[in-house]
Amino acid sequence: MSVILAITFIFCIIIVRFFYVQVIWGAELVLRATDQWNREIPVVASRGHILDANGQLLAGNLTTYSVFARPNAIPDKTYASQTLSVIFGLDEGEVYEKLTGKNSSEVTIARQADWQTVGELIACDIPGIYYSKDNTRVYSYGDVLCQVLGFTSSDGLGLSGLEKIYDSVLGGQNGEIMYTTDIVGNQTENTQIVYKSAVDGDDIRLTIDLEIQLAAEQAIREVYNSTGAKSASCIVLDPGNFDILAMVNYPSYDLNDVPRDDSQTLDALSRNTIVCDIYEPGSTFKVLTAAADIQEYLNGNQSAFSPTYVFNGSRTRTVDGTTVKCWSDHANGKHSNQTLAEALNNSCNPCFTDIALALGTDTFYEYLSAFGLGNVTGIDFAGEASGMLVPQSLVRDCDLARIGFGQTVAVTGLQLACAVASAVNGGNYYVPRLLKSIVSSDGTVVESNEPVLKNKTISAEASSMLCAMLEDVVTEGSGKHAYIEGYKVAGKTGTAQKYENGAVAAGKYVSSFVGFFPSDDPQYLALIIVDEPQGSYYGSTVAAPVAKSIFEDIIAIKNLKPFE
């Protein structure tokens, strides 16, 4: 009886095993068998191009080749190793090790080889060696827009920047050529070749205007070199819809020669600081404080100051034991008894402390929220920082006082540029964008990325009043180095002390200027940030001239006639 039970048990095990192999494991075994008797040559999809707003090529492809080997199909591995190492400039020992390894039926010998080199390989007619066409990414302008465009891997995958964000659009789908082989990998005599074509990636068209980008690159490079700054950056956008027209971070690196072997250097140089890093803006922030005050005055808020109100001419304010000082000593009547427009001209801190305290935490924070402070803008770029804003529930009067003139608050350059743009464009805050459209290889628009209005910040009337005041800053005040006769340039300078370990860092400043033109119908806005310039460090003398240079180039590029 026990023998019968044992036989029955064994029989059941065999039946279960048979069922598992045939039904459950069967599909996988078929694939394994197919893989042993079939070989595939990849057909690499052409990666989509990256174009500027006018169709200028920013990133394209160079046709190159990848070379592979099937060790089992190579009769003379010593000869093959010697030949391959000479043709492709490789270490002969390493090639031989690949060809004699037991762990892979197929190995990669070389990538991104040119046709001339592949021609030498073909002439040698080595069995078991084959090649396939692929693409090498080529960037038309080297280091231009490098932190924004990003770069790809040797396999053509997007690793950073827009190359990574839109990799699924640009990458396409690879195809293959499949044929049957014998047990060692040689093509059989009557093999049936199956061809699966590749689907090329779509192009992406950016909002970037290459000519404006090149002008901004040149201006930022010059101020970086002339001031010995730690870094310099710039963003130029269209205030009408927040299209990013130019974005520069310097120092930079060549996208055609990425320092892949030095990860620390690469991480530093490839970081899009104007989107991903924060800083204390200083006096450029006063634009937003002034905007809030003007709007509250128009709303009938009795705590707000009218445009004709004359502020106390005292050089200092003391709040919760914290002393706020004006940069000027107010000697000989300087900055005494000034209006809001004059306070902007003079960049007098105490006046903006008065505004913030008068409006109060709740009202002032409503405007900070509307202007996007403490939140990401939503730009189509990875790693955007949200800035730093003291939680409303924890704000003390001394904090509020300092926020009023751009301290105790941190922003990204993009955040500030968008906030100011909304304050001067009639009060419309859009989601900033880098992608304009997705375009197929035949030029058909696959998808259009339209501007998105996020919220309203201030009224058109308040915005118009603010623009007039900011024009005065350039014609009469601290922004005079950005003045261009006949073009109604407006803006605000900023000079912010840097802090290290909670204390003021001696001799370290961030110089900045945010400007736009024409003041009565803003079409171009630029924010310039120069970190730790040596020598002169005032935003008025360091950053404002950079904006002027960029605006003058835009005027020439677009053939803009004087507005007056």
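All of these numbers come straight from a predicted model, not from anything done at the bench. Throughout, residues of each chain are indexed from 1 in the direction in which the sequence is written. Predicted model: local features are reported for residues with pLDDT of at least 70 only, side-chain atom pairs are reported and counted for 80 or more only, and whole-chain, interface and lining totals are derived from all residues. Each side-chain value is derived from all of the structure's non-hydrogen atoms; neither hydrogens nor water enter the calculation.

1. Here's the deal with the packing of aromatic side chains
Convention followed: Here is the rule: rings of Phe, Tyr and Trp (six-membered ring for Trp) pair when centre to centre is within 6.5 Å. Planes less than 30 degrees apart are stacked, more than 60 are edge-to-face, and the remainder are tilted. In this text, helices come from DSSP runs of H or I with a minimum length of four residues, and strands from runs of E with a minimum of two, each type numbered from the N-terminal end. Summary of the burial criterion: residues with accessible area below 20% of their type's maximum are buried, those above 50% are exposed, and those between are partly exposed, where the area comes from a 1.4 Å probe applied to protein chains only.
Scanning the entire structure with this criterion turns up 15 aromatic pairs. Seen in terms of ring centroids, Tyr 65 and Tyr 131 are 6.0 Å apart; in terms of plane orientation they differ by 75°. Their pairing is edge-to-face. Taken as a pair, Tyr 65 in strand 3 (residues 57–69) and Tyr 131 in strand 5 (residues 129–139) lie far apart in primary sequence, 66 residues in all. Residue Tyr 65 is classed as buried on the basis of its relative accessible area of 13%. Through a chain of ring-to-ring contacts, three or more aromatic side chains come together here, namely Tyr 65, Trp 115 and Tyr 131.

2. Brief notes about the confidence of the model for the chain
Applicable threshold: The predictor attaches a confidence to each residue, and that confidence, scored 0 to 100, is pLDDT. Here, residues are in contact when the closest pair of their heavy atoms is within 4.5 Å.
Taken as a whole, the chain shows an average pLDDT of 89; of its residues, 88% reach a score of 70 or greater. Residue range residues 29–35 is modelled with pLDDT below 50. Its contacts to residues more than four positions away, or to other chains, number three contacts.

3. Thoughts on the packing of helix 12 (residues 286–298) against helix 17 (residues 460–475)
For clarity, the cut-off: Axis definition: a line fit to C-alpha positions, over the contact stretch in the case of helices; interaxial angles, taken between N-to-C directions, run 0 to 180 degrees. These descriptions rest on fixed angle ranges, namely under 35 degrees for roughly parallel, over 145 for roughly antiparallel, 65 to 115 for roughly perpendicular, and the rest for oblique. A crossing counts as left-handed when the near helix is turned anticlockwise from the far one by less than a right angle, and as right-handed when that turn is clockwise. Residue classes follow a fixed rule: Ala, Val, Leu, Ile, Met, Phe, Trp, Tyr, Cys and Pro count as nonpolar, while Asp, Glu, Lys and Arg count as charged, and any other residue, Gly among them, counts as polar.
Put simply, helix 12 and helix 17 touch, their axes get as near as 9 Å, and they point 135° apart. In terms of axis orientation, helix 12 runs oblique to helix 17. Crossing handedness for the pair helix 12 and helix 17: right-handed. Counted together, Val 287, Ala 290, Ala 291, Ile 294, Gln 295 and Leu 298 of helix 12 and Glu 461, Ala 462, Met 465, Leu 466, Met 469 and Leu 470 of helix 17 form the full contact between these two elements. Each residue belonging to the contact of helix 12 with helix 17 can be placed in one class, and the counts come to ten nonpolar, one polar and one charged.

4. Topic: the side chain of Thr 361
Secondary-structure assignment places Thr 361 in helix 14 (residues 349–370). A relative accessible area of 18% means that Thr 361 is categorised as buried. Setting aside anything within four residues of it in sequence, one finds Thr 361 in contact with Gln 392, Val 395 and Leu 400.

5. Overview of the pattern of salt bridges
Heads up, the rule is: Whenever a carboxyl oxygen of Asp or Glu lies within 4 Å of a side-chain nitrogen of Lys or Arg, that contact is scored as a salt bridge.
Here the structure, examined in full by the defined rule, presents 14 salt bridges. With its nearest N and O atoms 3.4 Å apart, the salt bridge here joins Arg 111 to Asp 155. Remark: Asp 155 occurs in the loop between helix 6 (146–149) and helix 7 (161–165) and Arg 111 occurs in strand 4 (residues 107–113); sequence separation between them is 44 residues. Here Asp 399 makes a salt bridge to Arg 396, at a shortest N to O gap of 3.2 Å. By relative accessible area, Asp 399 is classed as buried at 9%.

6. Thoughts on a nonpolar patch on the surface
To be explicit about the condition: Patch definition: residues with relative accessible area over 30% and no salt bridge; like charges joined within 9 Å; nonpolar side chains (Val, Leu, Ile, Met, Phe, Trp, Tyr) joined within 5 Å. Computed with the Shrake-Rupley method and a 1.4 Å probe, the accessible areas treat only the protein chains shown as cover for residues.
Where nonpolar side chains cluster on the molecular surface, the patch consists of Trp 115, Ile 122 and Tyr 131 and spans about 290 Å² of accessible area. Here Trp 115 lies in helix 5 (residues 115–124).

7. Some remarks on the sheet that holds strand 21 (residues 524–531)
Defined as follows: One bridge is not enough; two strands pair if DSSP finds at least two bridges between them.
The sheet built from five strands is open, its strands ordered 10-9-21-20-19 with antiparallel pairing. Two strands in the sheet have a free side with no partner beyond their single neighbour: strand 10 (243–250) and strand 19 (490–500). Each strand axis lies, on average, 10° off the axis of its neighbour in the sheet, ignoring direction. In the packing of helix 9 (residues 210–227) onto the sheet, contacts are made with strand 9 (231–238), strand 10 and strand 21, and the angle to strand 10 comes to roughly 25°. Contacts from helix 17 reach strand 19 and strand 20 (503–517), with the element oriented near 75° to strand 19.

8. A short note on the environment of Tyr 96
If you trace the backbone, Tyr 96 turns up in helix 4 (residues 92–100). When its relative accessible area of 38% is taken as the criterion, Tyr 96 is described as partly exposed. Measuring from C-alpha to C-alpha, the distance between Tyr 96 and Lys 77 comes to 6.8 Å, with 19 residues separating the pair along the chain. Beyond its immediate stretch of four places on either side in the chain, Tyr 96 contacts Lys 77, Thr 78 and Ser 81.

9. Quick look at helix 9
Selection criterion: Take the number of residues in a helix, subtract one, and multiply by 1.5 Å to get its expected span. Between N or O atoms, a polar contact is any pair within 3.5 Å; within protein, one atom must be a potential hydrogen donor and the other a potential acceptor, and residues adjacent in sequence are included only when both atoms are from side chains.
In this model helix 9 runs 26 Å from its N-terminal to its C-terminal C-alpha over 18 residues, within 8% of the 26 Å that 1.5 Å per residue would give. Those residues of helix 9 that sit buried are Leu 210, Ile 212, Gln 213, Ala 215, Ala 216, Glu 217, Ala 219, Ile 220, Val 223, Tyr 224 and Thr 227. Packing partners of the buried residues in helix 9 comprise strand 3, strand 9, strand 10, strand 21, helix 18 (539–542) and helix 19 (544–557). N-cap assignment for helix 9: the residue whose side-chain oxygen lies 3.1 Å from the backbone N of Glu 211 is Asp 209. Once helix 9 ends, the next one or two residues include Gly 228, with phi positive near 65°.

10. Details of the environment of Leu 145
Assignment of secondary structure puts Leu 145 in the loop between strand 5 and helix 6. Overall, Leu 145 belongs to the buried group, its relative accessible area being 3%. Sequence separation of Leu 145 and Tyr 253 is 108 residues, and the distance between their C-alpha atoms is 9.6 Å. If near-sequence neighbours (up to four positions away) are discounted, Leu 145 is found in contact with Leu 58, Leu 206, Ile 208, Gln 213, Glu 217 and Met 247.

11. Things to note about the pairing of strand 9
Here is the key point about a regular strand: its side chains alternate between the two faces of the sheet. Along strand 9, six of the eight residues are buried, which leaves the element largely enclosed by surrounding structure. Here strand 9 pairs with strand 21 via seven bridges, running antiparallel. Paired with Val 236 across the bridge in strand 21 is Ala 526. Both strand 9 and strand 10 contribute to a ladder of seven bridges, which runs antiparallel. Its bridge partner being in strand 10, Ile 235 is matched across the sheet by Met 247. Hairpin connection from strand 9 to strand 10: four residues lie between these consecutive antiparallel strands, with Phe 242 at a positive phi of about 65°.

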